[in-house]
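The primary structure of each chain is shown beneath.
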Amino acid sequence: MTTEKPKKIKSEDIASPKGMRDILDKEYYAYQGFFEKASEIAAYYGFRPIETPILEREAVFTSSLGVGTDIRDKEMYTLKTKGGDHLVMRPEGTAGIMRAYIENGMQALPQPVMFYNYGPYFRHENPQRGRLRELRQFGLEILGTQKSIADALVIRTMTLILDEAGFKNLSVEINSIGDKECRGGYMRELTNYYKKHIAELCPACKERIKTNPLRLLDCKDARCLDLKVGAPTPIDSLCNDCRHHFKEVIEYVEEMGISYRINKNLVRGLDYYTRTVFEVIELEPDRDESGVAPLSLGGGGRYDLLAKSLGSKKDVPAVGGAIGVDRVIMSPAHKPINPRILKKPKVYFIQLGNEAKLKSFGIIETLRKAHIPIAQSLSKDGLAQQLAIAERSGAPYTIIFGQKEALDNTIIARNMETRSQETVKLADLPDFVKHLKDELK
Ligand code: HAM
């Protein structure tokens with residue numbers, strides 16, 4: 001037997017981890033309402049749900065996200081299980097969905113296969129404006145087609161979802177970073193340009209020239225911003241097929257009336273992208289004055305080479321995008337959507353005494369079966385206290401079930417507006433509830 005005294009726990013020892021938080025009450029419903037609406041819109045556009053594990057084998061991400069990307073090199077939560085497996089708390093959803101597509105033999109299905117998914121992701125970033133360590137995304141993926149209309153469909157569905165969530169001033173920043181045909185030549189050109197200016201670069205970019213030159217275009221360091229102006233851009237080096245593909249995507253986006261801007265320096269933080277890359281931002285009229293760069297509400301692109309990096313023998317052309325739901329919920333432009341589960345109570349249920357308490361569950365169940373949302377305070381005892389809460393709840397009806405009623409097998413139903421009351425036999429409760437339901441419609 002151990003005689004060691006238990007250590008006194010301080011509140012900071014058990015506080016929620018940095019960058020992760022509890023979601024409750026109104027905020028919980030806002031997330032739930034958003035996911036419901038987003039899923040509904042995605043389903044109308046032909047996407048089907050998928051859920052993949054939160055933990056994946058490390059190789060799913062190390063082989064796909066790209067050496068020299070922050071997400072892969074610095075931000076993954078990795079762990080070794082007792083059995084010796086190296087697992088990762090998924091930092092993003094696309095690699096896991098492609099893994100699931102390959103593992104479940106979905107190449108054999110009619111193509112493309114379209115998925116929507118939502119859930120938590122984990123990135124060990126420095127928590128700051130719009131950056132959490134546990135973040136939630138709503139994602140869309142279309143696997144098995146290289147058609148430009150698929151790129152447009154993802155952009156369209158994402159902007160529609162954001163529009164429904166209250167964002168009326170969206171803009172899509174879009175670019176094409178080419179495919180394996182044109183990428184090689186462009187990378188050489190880019191590296192040559194930066195090598196000439198190596199002394200002027202920030203230390204991280206000096207490293208990026210070797211590991212991942214494309215990321216040089218994404219650097220926000222003042223030393224590198226000026227150099228970026230003269231750097232060759234991917235879009236100017238596109239091969240004919242890529243140029244044609246990009247032109248078609250832009251035509252669709254224009255046809256749909258989506259406001260967009262071609263951003264020649266947009267490369268995104270993940271390496272699996274080919275051709276189309278995009279980010280959705282909310283334009284704010286006073287943004288220019290504040291000087292704060294807009295946060296992207298969502299981003300995505302085409303990833304035609306990802307499948308092979310995950311061991312597929314055949315390429316699987318694919319495109320997708322994900323909305324950062326925390327950024328949506330925290331934005332002042334967001335208009336919360338009530339989830340279907342959130343219903344205003346129509347009846348407040350009051351009980352008094354042991355006998356009544358015992359029988360309460362039967363009455364509540366009758367109301368639930370009739371789909372009448374209720375509120376109650378089963379753990380309270382006094383009539384005055386419960387009536388006061390009933391009054392505040394705004395429920396149009398109160399059911400009072402006291403000691404006498406419990407013995408007589410009746411309830412008292414009180415109309416809170418007219419203050420009229422009637423006594424109803426428990427046996428007649430289902431009929432009464434039906435009539436109540438019609439009245440409350
Ligand atoms: P991502 O750009 O890394 O793309 O993330 C998508 C969105 O998630 C971002 O636009 C942002 O709104 C949100 N987000 C990212 N990091 C954080 C963070 N630390 N805290 C809060 N929100 C954040 C992807 O993850 C790709 N898998 C998207 C995709 C799907 N590409 C193709 N298919």
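On a predicted model such as this, the values are computed, not experimentally measured, just so you know. (Residues numbered from 1 in each chain as written. Predicted model: local features only at pLDDT ≥ 70, side-chain atom pairs only at ≥ 80, totals over all residues. Heavy atoms only, no water.)

1. Examining empty space enclosed by the protein
A probe matching the size of a water molecule, rolled over the atoms, marks out where space remains unfilled. Overall, the coordinates contain two cavities of 30 Å³ or more when judged by the stated rule. The space that makes up the largest cavity amounts to roughly 60 Å³. Lining the largest cavity, in full, are Ile177, Arg183, Leu214, Arg215, Val267, Arg268, Leu270, Asp271 and Tyr273. Among the residues forming the lining of the largest cavity, the class breakdown is five nonpolar, no polar and four charged. What the second largest cavity holds in volume is close to 30 Å³. What lines the second largest cavity is simply Ile177, Gly178, Cys182, Arg183, Tyr186, Pro234, Ser237 and Leu238. Grouping the amino acids of the lining of the second largest cavity by side-chain chemistry returns five nonpolar, two polar and one charged. (1 Å grid on protein atoms, 1.4 Å probe; cavity = no way out; pocket = protein on both sides within 12 Å on 5 of 7 lines; lining within 4 Å. Points joined across faces, edges and corners; volume = space filled by probe spheres on them. Nonpolar A, V, L, I, M, F, W, Y, C, P; charged D, E, K, R; others polar.)

2. A word on the packing of helix α6 (residues 148-164) against helix α10 (residues 240-255)
Across the interface, α6 lies against α10 with an axial gap of 8 Å and an inter-helix angle of 40°. Relative to α10, α6 is oriented oblique. Like other packed secondary-structure pairs, α6 and α10 cross with a definite hand, here right-handed. For the pair α6 and α10, contact is made by Ser148, Ile149, Asp151, Ala152 and Ile155 and by His245, Glu248, Val249, Tyr252 and Val253, respectively. For the contact of α6 with α10, the residue count by class is six nonpolar, two polar and two charged. (Axes fitted to C-alpha atoms, helices over the stretch in contact; angles between N-to-C directions. Helix = DSSP H or I, 4+ residues; strand = E, 2+ residues; numbered from the N terminus. Parallel < 35°, antiparallel > 145°, perpendicular 65-115°, else oblique. Left-handed = near helix turned anticlockwise from the far one by under 90°. Contact = heavy atoms within 4.5 Å.)

3. What to know about the UniProt feature "binding site: L-histidine" (unreviewed entry) in the protein chain
Taken from the UniProt record, the annotation "binding site: L-histidine" (unreviewed entry) applies to Glu92, Gly93, Thr94, Arg123, Gln137, Glu141, Arg268, Tyr272 and Tyr273. Of the annotated residues named above, the ones that line the largest cavity are Arg268 and Tyr273. Mapped onto the fold, Arg268 is located in the loop between β8 (260-262) and β9 (274-282). Once residues within four sequence positions are removed from consideration, Arg268 is found in contact with Arg215, Tyr273, Val277, Phe278, Glu279, Gly299 and Gly300. The residue Tyr273 is located in the loop between β8 and β9 in this model. The buried category is assigned to Tyr273, whose relative accessible area is 4%. What Tyr273 contacts, discounting residues up to four positions off in sequence, is Ile177, Arg183, Arg268, Gly300, Gly301, Arg302 and Tyr303. Engagement of the side chain of Tyr273 in a polar contact is seen with the side chain of Arg268, the distance being 2.9 Å. (UniProt positions renumbered as here; feature names shortened; annotations may be inferred. Buried < 20%, exposed > 50% of the residue type's maximum accessible area, 1.4 Å probe, protein only. Polar contact = N/O pair within 3.5 Å; in protein donor to acceptor, adjacent residues only side chain to side chain.)

4. What about the domain arrangement of the protein chain?
We note that the domain assignment places domain 1 (17-182 + 238-330) and domain 2 (347-440) within the protein chain. On a C-alpha basis, the centres of domain 1 and domain 2 stand 49 Å from each other. (Domains from an automatic or database assignment.)

5. Observations concerning the sheet that holds strand β2 (residues 55-57)
Spatially, β2-β4-β3 is the arrangement adopted by the three strands of the open sheet, whose pairing is antiparallel. One side of each edge strand has no neighbouring strand; the edge strands of this open sheet are β2 and β3 (77-80). Across this sheet, the average inter-strand angle for adjacent strands is 35°, counted without regard to direction. In this structure, β3 lies alongside strand β4 (residues 86-89), joined through four bridges in antiparallel fashion. Along β4, the bridge assignment pairs Leu79 with Leu87. (Pairing = 2+ DSSP bridges.)

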